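Below are the chains, spelled out letter by letter.
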Amino acid sequence: MSSHTVEKIGGTSMSRLDEIRDTLIVGSRDGDDLYGRIFVVSAFGGITDLLLEHKKTGDPGVFAKFAHASGGPGWQDALLKVEEAMVAAHSELLTNSGDLETANAFVRERVDGARNCLIDLQRLCSYGHFRLSEHLLEIRELLSGLGEAHSAMVMQLLLKRAGVNARLVDLTGWRDQKERTLEERLTSAMDGVDPSTEMPIVTGYAQCTEGLMREFDRGYSEVTFSRLAALIDAREAIIHKEFHLSSADPRLVGADKVRKLGRTNYDVADQLSNMGMEAIHPNAAKTLRQANVPLRVTNAFEPHDPGTLIDDQPAETPAAEIVTGIDIVALELFEQDMVGVKGYDAAILDVLTKHQVRIVSKVSNANTITHYVDASLSVMRTVERDLEARYPSAKISSRPLSMVSVIGRDMNGLSVLTRGLTAIAGAGQETIGASQGPRNVDVQFIMDRDALEPAVAALHAELIEGTQDSAAVPKSGDKKVLQVA
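Residues numbered from 1 in each chain as written. Predicted model: local features only at pLDDT ≥ 70, side-chain atom pairs only at ≥ 80, totals over all residues. Heavy atoms only, no water.

Section: the overall build of the protein
Along the protein, the regular secondary structure elements total 17 helices and 14 strands. A compact globule built from 485 residues should have a C-alpha radius of gyration of about 23 Å, and the protein, at 24 Å, falls within 12% of that. In the protein, of all internal contacts separated by at least 6 residues, the share reaching a separation of at least 24 is 77%. As displayed, the protein has an accessible area near 21,800 Å², and 48% of this comes from carbon and sulfur atoms. Taken as two groups, the 51 positive and 69 negative side-chain charges of the protein have centres that lie 1 Å from each other. (Helix = DSSP H or I, 4+ residues; strand = E, 2+ residues; numbered from the N terminus. Rg over C-alpha atoms; globule rule 2.2 N^0.38 Å. Contact = heavy atoms within 4.5 Å. Areas by Shrake-Rupley, 256 points an atom, 1.4 Å probe, with all protein chains shown as cover. Lys, Arg positive; Asp, Glu negative; His and termini not counted. Charge placed at Lys NZ, Arg CZ, Asp CG, Glu CD.)

Written as structure tokens, this is what we have:
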């Protein structure tokens, strides 16, 4: 194992890069103490939304406008907004006129290159032998790489001005004519880089033959981060967020009651991903786990706090660690003649896969199969129509609900299911369904959406606040913690 760490900084934190420079990256370090750290960076906050589409609202960015309008003129206005946003982002961070000129020229060169590429592609696809749809993935990757290349370059300039021997490691494949796998891209880019004497600033997007966005879409930066950590056999992989990984959303249970986890394992990280919490992409967690590289999640703005260590070790004692919730849709297929007949479940899975619907959980009995999914009701209406065509005598329905999950490395002997049902009822709420697997790492409670928040508070009070030392509770205002809404 090397003595180096591989550390990832997300977009929201990157937008406060001057603060991070003075605390997390440089702080009181000098000389050799500055090095031995490789940083993988995301684009500045909001830039990828402008390049692709808004992650939460779905508002179209350059890619969406280019794709949906078959290359219509609106995408060029959107690209101009990206250029303006990039310049605004680095203008708030760079104070040296020479650095500003370098950053402005970099943005112009990359944006103009992307614009010319899209215009040429649009012209090519005006001929009947070429289809724009066949190139959309490459367009998405090209655009996405602009954001990370820009932020990494700006970070290099900022750190060099602070006396750090920072080095840009551009994985975006800009004007690279060679086809490379991700491993080849990483190996080639890191060839000749010495983290003990320089600080590599690596783009979160990596152009490769696998096509990161094909499988991971906007989770690609964590995949790059984890593969790099595994490749160099890093001492630790560290994700710097703007909050701590904690026992619940402080807005629901109170900032004085939540607890920083401190330590957990990859099993819990997988359950969190299933519930929509962005601790780490599940594929990235798998890569680190298989490479035996521990993961640490820290608060970027509290650099002296060790954060939460995630490894493959079991818990020393049974405990509930996190309570979190997610809005879901219950897709229910009832067919009286289902008993003893195979194929229903496979058919439902085929339809859900076709419409890219993510399954959170499912339950079934003799004549009913219910999938709890993370999707919009409009998508589920399409799913219902497809299933009705296959099973015209079945009764198929979709219902908006919520799921609250209690998660822990080992919850054996804690009677989480029984105590949870009692706590929810005590809060005046009704549980529609509940399930617990034999591994005892999570217990799920199904309820109406308006019951989610009081249920989280009730479960946290019963299963976490009532079982841990009150001295471990951070005082109100002490910590920012993981917001799970």
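From this point on, the discussion continues.
Here's the deal with the pairing of strand β7 (residues 295–299)
Where a strand is regular, its side chains alternate between the two sheet faces. Along β7, five of the five residues are buried, which leaves the element largely enclosed by surrounding structure. Burial along β7 is two-sided: Leu-295, Val-297 and Asn-299 and Arg-296 and Thr-298, pointing in opposite directions, are all buried. Bridge analysis of strand β5 (residues 236–241) against β7 gives five bridges, and the strand direction is parallel. Within the sheet, the bridge partner assigned to Ile-239 lies in β7 and is Val-297. (Buried < 20%, exposed > 50% of the residue type's maximum accessible area, 1.4 Å probe, protein only. Pairing = 2+ DSSP bridges.)

What to know about the packing of aromatic side chains
In the structure shown here, the tally under the stated rule is three aromatic pairs. Between the aromatic rings of Phe-66 and Trp-75, the centroid separation amounts to 5.3 Å while the plane-to-plane angle is 80°, which identifies the pairing as edge-to-face. Residue Trp-75 is classed as buried on the basis of its relative accessible area, which comes to 0%. Taking the centre distance of 5.6 Å and the plane angle of 90° together, the rings of Tyr-205 and Tyr-220 count as edge-to-face. With Tyr-205 in the loop between β4 (199–203) and α9 (212–216) and Tyr-220 in helix α10 (residues 220–231), this pair connects stretches of sequence that are 15 residues apart. Given the relative accessible area of 3%, Tyr-220 is considered buried. Arg-16 extends its terminal NZ or CZ atom over the ring of Phe-301, reaching a point 3.6 Å from the ring centre. Above the plane of the ring of Phe-63 lies Arg-140, whose end atom (NZ or CZ) is 4.9 Å from the centre. (Phe/Tyr/Trp six-rings, centres within 6.5 Å; stacked < 30°, edge-to-face > 60°. Lys NZ or Arg CZ within 6 Å of the ring centre and 35° of its normal.)

Here's the deal with the sheet that holds strand β3 (residues 166–169)
Across the sheet, which stays open at both edges, the eight strands sit in the order β3-β4-β2-β1-β5-β7-β8-β6 with mixed pairing between neighbours. Here the strands that pair on one side only, and so sit at the sheet edges, are β3 and β6 (263–265). Between one strand and the next, the sheet's axes are offset by a mean angle of 25°, whatever the strand orientation. Relative to β4, strand β2 (residues 37–41) runs parallel, the two being bridged by three bridges. Bridging across to β4, Val-41 finds its partner in Thr-203. Contacting β1 (5–9), β2, β4, β5 and β7, α10 crosses the sheet at an angle of about 170° to β1. (Axes fitted to C-alpha atoms, helices over the stretch in contact; angles between N-to-C directions.)

What to know about helix α7 (residues 136–161)
Because the α-helix completes a turn every 3.6 residues, residues three or four places apart line up on one side. The end-to-end C-alpha distance of α7 is 39 Å, a good match for the 38 Å that 26 residues give at a rise of 1.5 Å each. Along α7, 20 of the 26 residues are buried, which leaves the element largely enclosed by surrounding structure. Remark: Gly-163 follows α7 within two positions and exhibits a positive phi of approximately 90°. (Expected span 1.5 Å × (residues − 1).)

Some details on the environment of Ser-15
Structurally, Ser-15 is set in the loop between α1 (11–14) and α2 (17–25). Separated by 29 residues in sequence, Ser-15 and Phe-44 have C-alpha atoms that sit 5.3 Å apart. Ignoring any residue separated from it by four or fewer positions in sequence, one finds Ser-15 in contact with Phe-44 and Gly-45. Within the structure, the side chain of Ser-15 is placed 2.9 Å from the backbone nitrogen of Gly-45, a separation counted as a polar contact. (Polar contact = N/O pair within 3.5 Å; in protein donor to acceptor, adjacent residues only side chain to side chain.)

Quick look at the layout of surface pockets
As a volume, the second largest pocket reaches approximately 780 Å³. Around the second largest pocket, the lining comprises 29 residues; the ones closest to its centre are Cys-117, Glu-138, Leu-142, Gly-173 and Gln-207. Secondary structure elements with two or more residues in the lining of the second largest pocket: α6 (97–124) and α7. In terms of residue class, the lining of the second largest pocket is built from 12 nonpolar, nine polar and eight charged. (1 Å grid on protein atoms, 1.4 Å probe; cavity = no way out; pocket = protein on both sides within 12 Å on 5 of 7 lines; lining within 4 Å. Points joined across faces, edges and corners; volume = space filled by probe spheres on them. Nonpolar A, V, L, I, M, F, W, Y, C, P; charged D, E, K, R; others polar.)

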